[in-house]
Amino acid sequence: MQKFPLLRRLCALLLAFAAAQAAAAPDGLELYIAHCSACHRVEGQGGIGLPLPAEKLAEVTDDYLHKTIRLGRPGRVMPAFERLSDAQVDAIVRFLRERTETKDPGFDNDQVVGDAAHGELVYNEHCIKCHAADGTGEGEGTGVTQSRERSFLVMPASISNSGFLGSASDRMIHTVVEHGRRWSGMPAFGDGKLSDGDINDVVAYVRSFEQRQSAPEAIGPDERPTHIYESPHDFETTIANIKTALTGANFRIFPDRFVEQGVTDEFSVNQRQVGIRFCNFNVLYGMLKIEPRLGIVLPCRITVMERPDGTVIMAIPNLRVVSRWFNNDELVGLWDQMEETFTEIIDEVTL
Amino acid sequence: MRPLSHRLIAVLLLCATGFARADGMLMMRIPMRAEIVFAYAKSSIEEHGYSVAHIQLCDGGMTDFGYKTDFYRVLFFGKLAEVRRISEKYPELVSYVPLKLAVIAEKDDTLLTVLNPEVLAPYFADAEVQIQLSRWHSDLESILDDVRRSIGKRIAHAD
């Protein structure tokens, strides 16, 4: 052991850790680090994901946590963890409990009976300013403000999301409304602001969001990862036309890069395959606040390739496919706008 | 909530395995400044046999336009043989090469993010594409794992 001071130190730390955590399941911790910490942070402070502090966990059931992990939040960034085993999900939930020293509050699964029509009035008066008319939440983005300016410190979760409604019991929703989540800006409505009956009604109304959901889009039979267009022009003219069209559409164009540039030397690089890269910083800056990971698909690129038979093709990523990487409904407008821009540019080039 | 010590975080980084596989995005959070994580990421990519083709300075671009932003860079990387074969045989994949890894500062932490290439698998019937996508996937996981372990060691040594 003397030869491996680092290893010895780590073992000592691990033992100390095991002792401190008593009955902790180490695999739960590992699994949490591996699957959850990127968004929720190691100590549950929140990031792209919401905070998971003791105050919150004390008011949600194990069943809610299980289901949230399994269902994720479709269209709201958090993926559905379908490939974890039941034992692994159990371990993560156990870890969250031990970490926060909380217990399942033991809510019943009984349906809260309320008048959804009256609940709508309550909702419009008290909830709409943070949760928006459709329950998806006012303001853009998810989780906690980190390196970006946003309208709320903690962005309200989408309470019309199928992942939320499929996980939360009526009693849990009732408790959230009654006690609020004061540490993140949601006030308590149980301190005389709303009667128990009003809260029942608003729970019934939140439940009714369930009926407005549409199923996520499956991959269509003709859907391809890339749109390939044949250019009526030669290689050089195609490139020049694309740039003219982009400049006309107010994009900033970056220097061209050959597809192989940087992976081989300048003498053997294929110069008949070039990526035309462009960006609109104004749009980008706004979108990064909503989706900090967006930079991974930037800048936009149209790849122009001369094939061995002399035809010139233009390749543009299919943004419907790109959107599947993000699981973020707030980007739908961006994809649509970009798809339209691409189509206009291709039209202009192929005219 | 009990705060975790720096050393404990080092141990966690060293011991944890695997990450968000079910997801379209492979992500990892590293409790270390982005400049440092970036350097580790770059060398791990090279150790995995890839050439770093290009570094996109998203932060620089935004700053030039007067926007305030933290460290935000994207590493582009590929292997010549793969890039060449793909552009010849599978032009539909060309938009997705070279591969990319984003290094994004979140306060004192750093987020590493890559697109999971396996999201493209359902669009192709060829065994060759399937093998390529899953090889990329496992390389990307291995690169992220490497960075995490190296940073874990660095934190442990710094104590």
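Residues numbered from 1 in each chain as written. Chains lettered and ligands numbered in written order. Predicted model: local features only at pLDDT ≥ 70, side-chain atom pairs only at ≥ 80, totals over all residues. Heavy atoms only, no water.

Some remarks on the overall build of chain A
- The helix and strand tally for chain A stands at 15 helices and six strands.
- Its C-alpha atoms give chain A a radius of gyration of 26 Å, clearly above 20 Å, the size a compact globule of 351 residues would have.
- Burial statistics for chain A: of 351 residues in total, 52% are counted as buried.
- Once local pairs closer than 6 in sequence are excluded, the contacts in chain A between residues at least 24 apart make up 66%.
- In the form shown here, chain A has an accessible surface area of approximately 16300 Å², with 54% of it arising from carbon and sulfur atoms.
- Counting 35 positive and 50 negative side-chain charges, chain A places the averaged centre of each group 8 Å from the other. (Helix = DSSP H or I, 4+ residues; strand = E, 2+ residues; numbered from the N terminus. Rg over C-alpha atoms; globule rule 2.2 N^0.38 Å. Buried < 20%, exposed > 50% of the residue type's maximum accessible area, 1.4 Å probe, protein only. Contact = heavy atoms within 4.5 Å. Areas by Shrake-Rupley, 256 points an atom, 1.4 Å probe, with all protein chains shown as cover. Lys, Arg positive; Asp, Glu negative; His and termini not counted. Charge placed at Lys NZ, Arg CZ, Asp CG, Glu CD.)

Observations regarding the pattern of salt bridges
- Applying the stated criterion across every chain yields a total of 22 salt bridges over all chains.
- In this structure, the salt-bridge partner of R97(A) is D62(A), at a minimum N-O distance of 2.7 Å. Note that R97(A) is positioned in helix α6 (residues 86–100) and D62(A) in helix α5 (residues 62–71), a separation of 35 residues in sequence.
- Taking the relative accessible area as the measure of exposure, R97(A) reaches 9% and is therefore buried.
- In this structure, R148(B) engages D145(B) in a salt bridge whose closest nitrogen and oxygen atoms are separated by 2.3 Å. Taken together, the residues span about one helical turn, with R148(B) and D145(B) both in helix α5 (residues 127–158) at a distance of three residues. (Salt bridge = Lys/Arg side-chain N within 4 Å of Asp/Glu carboxyl O.)

Topic: the sheet that holds strand β5 (residues 109–115) of chain B
Residue and element names in this part refer to chain B.
- On the basis of which strands lie adjacent, the open sheet formed by five strands has the order β1-β5-β4-β3-β2 and antiparallel pairing. Two strands in the sheet have a free side with no partner beyond their single neighbour: β1 (25–30) and β2 (51–57). The average angle at which neighbouring strand axes cross in this sheet is 20°, direction not considered.
- Set on the sheet, helix α2 (residues 34–47) makes contact with β1, β2, β3 (72–78), β4 (99–106) and β5; between it and β3 the angle comes to about 5°. (Pairing = 2+ DSSP bridges. Axes fitted to C-alpha atoms, helices over the stretch in contact; angles between N-to-C directions.)

Here's the deal with the domain arrangement of chain A
- By domain assignment, chain A separates into domain 1 (5–100), domain 2 (116–212) and domain 3 (226–349).
- A separation of 40 Å is found between the C-alpha centroids of domain 2 of chain A and domain 3 of chain A. (Domains from an automatic or database assignment.)

A closer look at the packing of helix α12 (residues 235–248) of chain A against helix α15 (residues 332–350) of chain A
All names here are of chain A.
- Interhelical geometry of α12 versus α15 gives an angle of 135° and a closest axis separation of 9 Å. Taken together, the axes of α12 and α15 lie oblique to each other. Between α12 and α15 lies a crossing whose hand is right-handed. Here T238, N241, I242, A245 and L246 of α12 lie close against α15, whose contacting residues are I345, E348 and V349.
- Taken together, the residues of the contact of α12 with α15 break down into five nonpolar, two polar and one charged. (Parallel < 35°, antiparallel > 145°, perpendicular 65-115°, else oblique. Left-handed = near helix turned anticlockwise from the far one by under 90°. Nonpolar A, V, L, I, M, F, W, Y, C, P; charged D, E, K, R; others polar.)

Focus: the side chain of T142(A)
- Mapped onto the elements of the fold, T142(A) is located in the loop between α8 (128–131) and α9 (162–165).
- Only 2.8 Å separates the side chain of T142(A) from the backbone oxygen of I48(A), close enough to count as a polar contact. (Polar contact = N/O pair within 3.5 Å; in protein donor to acceptor, adjacent residues only side chain to side chain.)

Comments concerning the packing of aromatic side chains
- The final tally for this structure, using the stated rule, is 11 aromatic pairs over all chains.
- Between F38(B) and F71(B) the ring centres are 5.8 Å apart and the planes differ by 65°, which places this aromatic pair in the edge-to-face class. Residue F38(B) is found in helix α2, and its partner F71(B) is found in the loop between α3 (58–64) and β3; the two are separated by 33 residues along the sequence. F71(B) carries the same exposure label as F38(B), and that label is buried.
- The ring of F189(A) carries the charged tip of K193(A) above its face, separated from the ring centre by 4.9 Å.
- In this structure, R224(A) packs its charged tip against the face of F124(B), placed 5.3 Å from the ring centre. (Phe/Tyr/Trp six-rings, centres within 6.5 Å; stacked < 30°, edge-to-face > 60°. Lys NZ or Arg CZ within 6 Å of the ring centre and 35° of its normal.)

Some remarks on unusual backbone geometry
- The amide bond that connects L298(A) to the next residue, P299(A), takes the cis arrangement and shows omega of -10°.
- On the secondary structure map, P299(A) appears in the loop between α13 (281–290) and β5 (300–306).
- With an omega of -5°, the peptide bond running from V97(B) to P98(B) counts as cis.
- Note that P98(B) resides in the loop between α4 (80–89) and β4.
- Positioned with a positive phi, A132(A) is a non-glycine residue whose angle comes to about 70°.
- Here A132(A) is to be found in the loop between α8 and α9.
- A relative accessible area of 7% means that A132(A) is categorised as buried.
- The residue K107(B) is not glycine, and still its phi comes out positive at about 55°.
- Along the chain, K107(B) falls in the loop between β4 and β5.

Focus on α5(A)
Residues and elements named next belong to chain A.
- Residues Y64, L65, T68 and I69 constitute the buried set of α5. Viewed end-on, α5 has its buried residues packed into an arc of 130°, placing them on one side of the element.
- On its buried face, α5 sits against α4 (54–57), α6, α9 and α10 (170–179).
- Phi turns positive, to about 60°, at G72, one or two residues after α5. (Arc of directions from axis to C-beta.)

Considering the nonpolar core
- With 101 residues, the main nonpolar core has I242(A), L294(A), V304(A), W325(A), F326(A), W335(A) and L101(B) as its most contacted residues.
- Counting residues per element, this core draws most heavily on α5(B), at nine residues.
- Split by domain, this core shows at least three residues from each of two domains, domain 1 (5–100) and domain 3 (226–349) of chain A.
- If we ignore the near neighbours within four places in the chain, the residues touching V304(A) are F235(A), T238(A), I239(A), I242(A), R272(A), Q273(A), V274(A), I276(A), V312(A), I313(A) and M314(A).
- By size, the runner-up hydrophobic cluster in this structure holds 42 residues, among which are A91(A), Y123(A), M186(A) and I199(A). (Core = buried A, V, L, I, M, F, W, Y, C linked by side-chain atoms within 4.5 Å.)

Observations regarding the environment of S150(B)
Residues and elements named next belong to chain B.
- Tracing the backbone shows S150 in helix α5.
- Among the residues examined, S150 registers a relative accessible area of 26% and is labelled partly exposed.
- When the C-alpha atoms of S150 and T110 are compared, they prove to be 14 Å apart, with 40 residues separating the residues in sequence.

Remarks on the packing of helix α7 (residues 116–126) of chain A against helix α11 (residues 196–208) of chain A
Residues and elements named next belong to chain A.
- Relative to each other, α7 and α11 sit at 100°, their axes nearing to 7 Å. Compared by their axis directions, α7 and α11 come out roughly perpendicular. In this structure, α7 contributes A116, H118, G119, E120, V122 and Y123 to the contact, and α11 contributes D198, D201, V202, A204 and Y205.
- For the contact of α7 with α11, the residue count by class is six nonpolar, two polar and three charged.

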